[in-house]
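Next come the chains, spelled out residue by residue.
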Amino acid sequence: MASAITTLAADAPTLSAANTGFMLICSALVMLMTPGLAFFYGGMVRVKSSLNMLMMSFISLGIVTILWVLYGFSLAFGTDSGSLIGWNSDYVGLSGIGITELWDGYTIPVYVFAVFQLMFAVITPALISGALADRVKFGAWVLFTALWVTVVYFPVAHWVWGAGGWLFELGVIDFAGGTAVHINAGAAALGVILVIGKRVGFKKDPMRPHSLPLVMLGAGLLWFGWFGFNAGSWLGNDDGVGAVMFVNTQVATAAAMLAWLAYEKLRHGSFTTLGAASGAVAGLVAITPAGGAVSPLGAIAVGAIAGVLCAMAVGLKYKFGYDDSLDVIGVHLVGGVVGSLLVGLFATGGVQSDVAGLFYGGGLEQLGKQAIGVFAVLAYSLVASALLAFLLDKTIGMRVSEDDEVAGIDQVEHAETAYDFSGAGGGAASRSTAAPTPSAASKKVDA
């Protein structure tokens with residue numbers, strides 16, 4: 001008996017300083033993705049909405065962090081109840097966790113796992129905001145975010161990643177968030193915009209990005225932070241799986257960017273910076289669920305397929321008449337669906353698990369499981385998000401007035417503007433002249 005106890009003790013995980021440090025760095029990288037997303041979205045809107053767009057992402061760092069500490073971590077990763085939700089009173093307020101207590105089966109502290117997963121929870125509602133540009137009251141958005149993470153994100157995270165969660169137990173592969181993050185956010189975006197309606201001037205007025213340099217900056221920060229998002233999701237660095245995920249993240253993103261640009265050139269005749277940025281994000285989204293299951297060659301296929309399909313999907317809003325302002329549905333929902341389903345085709349059976357996809361002799365079984373995960377999350381998030389938006393719209397109101405939307409949501413909701421043109425003329429002479437009539441500068445502000 002004594003020797004058996006000694007053997008068990010020897011086999012028990014011990015805290016790894018290397019893995020702990022690695023995961024803290026990955027957590028910081030994922031945190032950086034939310035400001036990166038703010039720049040990405042902020043550059044894509046018109047001048048009069050850019051600050052509001054930045055704030056709709058940035059505020060998530062405040063709201064979701066507090067809710068995660070109070071009860072979100074417990075709901076998502078506590079002891080399973082009915083395969084639908086978790087709960088652990090020790091996780092409430094993170095008050096019952098020892099500073100060296102390890103996450104079950106791993107060599108990192110519970111605190112490190114909790115903060116890493118927190119950053120996923122933060123960015124997911126921020127992704128939704130891109131579909132709602134120009135027209136949502138900031139206070140209503142704050143309340144929607146709090147309700148949405150509670151009712152939708154925390155339960156879905158438990159389904160997908162929590163021990164005992166029904167999709168986890170089914171064997172759905174989602175390495176870093178194709179279902180729980182991207183499909184979840186994309187379906188939520190569709191649900192909300194079906195309730196709140198279109199922007200004033202949709203399909204009539206030009207609504208071009210006001211700052212493509214900001215878009216490219218945001219895309220670069222997202223690409224950089226995504227290495228933590230993806231490689232960190234293996235929760236350690238001991239067996240090489242995280243390294244494969246790191247490589248696949250780079251490879252798929254490159255392939256998607258090139259594929260989007262090729263489609264864009266053939267379809268529209270130009271290689272655009274917006275297309276390059278959007279293609280890169282589409283590749284990042286698609287490889288997120290698949291990168292731990294496929295080879296680098298498979299990652300090229302995943303990225304290229306996602307780049308083309310997402311580029312095609314962004315135009316569907318004009319065909320079907322839903323106003324997805326910044327293509328959250330076209331990029332995140334479609335990219336998440338593509339990446340999740342392609343696991344069932346390209347999984348090699350030699351990376352994160354021995355599960356093989358159809359092209360590697362595994363048959364259709366895994367593809368079927370992936371489809372169940374995709375459509376379960378999509379349906380739940382779509383319906384629940386639409387109901388939340390409907391309740392808020394009928395009580396406090398989700399949208400600003402039409403006049404306020406036309407005037408500019410930045411000034412109305414935040415009493416600020418992104419750019420101050422008052423000193424553009426400079427000098428004493430310009431200050432002594434009468435107040436100018438509306439000019440090209442003011443037209444730019446309203447653009």
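Above: the structure in question.
(A) Up close: a nonpolar patch on the surface. Taken together, the side chains of Leu358, Phe359, Tyr360 and Leu364 present a nonpolar region at the surface, about 410 Å² in accessible area. Accessibility expressed as a relative area gives 40% for Tyr360, which makes it partly exposed.

(B) Spatial organisation of empty space enclosed by the protein. Across all of its chains, the model carries one cavity of 30 Å³ or more by this definition. Looking at the largest cavity, its volume works out to about 70 Å³. Residue assignment for the lining of the largest cavity shows that the elements contributing at least two residues are α2 (17–44), α10 (273–290) and α13 (328–346). When its residues are assigned to classes, the lining of the largest cavity shows seven nonpolar, two polar and one charged.

(C) Structural context of unusual backbone geometry. Phi is positive for Asp327, which is not a glycine, with a value near 65°. Its location among the elements puts Asp327 in the loop between α12 (316–320) and α13. Residue Ala415 is not a glycine yet carries a positive backbone phi of 55°. Counting through the fold element by element, Ala415 comes out in the loop between α16 (409–414) and α17 (427–432).

(D) A look at the packing of helix α7 (residues 178–196) against helix α14 (residues 365–395). Packing of α7 against α14 leaves a shortest axis separation of 7 Å and a crossing angle of 40°. Taken together, α7 and α14 sit at an angle that is classed as oblique. Judged by the twist between their axes, the crossing of α7 over α14 is right-handed. In this structure, α7 uses Thr179, Ile183, Asn184, Ala187, Ala188, Leu190, Gly191, Val192 and Val195 to contact α14, whose residues at the interface are Gly373, Val374, Val377, Leu378, Ser381, Leu382, Ser385, Ala386, Ala389, Phe390 and Asp393. By residue class, the composition of the contact of α7 with α14 is 13 nonpolar, six polar and one charged.

Cut-offs used in this document
- For every chain, the first residue of the written sequence is number 1, and numbering continues from 1 onward in sequence order.
- For this predicted model, a pLDDT threshold of at least 70 governs which residues receive local features, and a threshold of 80 or more governs which side-chain atom pairs are given and counted, while totals over whole chains, interfaces and linings are taken from all residues.
- Side-chain measures here rest on the full set of heavy atoms in the structure, leaving out hydrogens and waters.
- Patch membership requires more than 30% relative accessible area and the absence of a salt bridge. Residues of like charge join within 9 Å; the nonpolar side chains Val, Leu, Ile, Met, Phe, Trp and Tyr join within 5 Å.
- Shrake-Rupley sampling with a 1.4 Å probe provides the accessible areas, and residues are treated as covered by the protein chains on show and by no other component.
- Counted as salt bridges are all cases of a side-chain nitrogen of Lys or Arg within 4 Å of a carboxyl oxygen of Asp or Glu.
- Only protein chains enter the calculation, and the probe is 1.4 Å; a residue is then buried if its accessible area is under 20% of its type maximum, exposed if over 50%, and partly exposed in between.
- In this analysis, the protein atoms alone were mapped onto a 1 Å grid. Cavities are point sets where a 1.4 Å probe fits without being able to get out; pockets are open sets with protein on both sides within 12 Å along at least five of seven lines; lining residues have an atom within 4 Å of a point.
- Grid points are joined across faces, edges and corners, and a volume is the space filled by probe spheres set on the points.
- Going along the chain from the N terminus, every DSSP run of H or I of four or more residues is numbered as a helix, and every run of E of two or more is numbered as a strand.
- Ten residue types, Ala, Val, Leu, Ile, Met, Phe, Trp, Tyr, Cys and Pro, are classed as nonpolar, four, Asp, Glu, Lys and Arg, as charged, and the remainder, Gly among them, as polar.
- Angles here are taken between N-to-C directions and fall from 0 to 180 degrees, while the axes themselves are lines fitted to C-alpha atoms, restricted in helices to the stretch in contact.
- If an angle is under 35 degrees, it is roughly parallel; if it is over 145, roughly antiparallel; if it lies from 65 to 115, roughly perpendicular; otherwise it is oblique.
- It is the rotation of the near helix from the far one that decides the hand of a crossing: anticlockwise by less than a right angle makes it left-handed, clockwise makes it right-handed.
- In this analysis, two residues are considered to be in contact whenever any of their non-hydrogen atoms come within 4.5 Å of each other.

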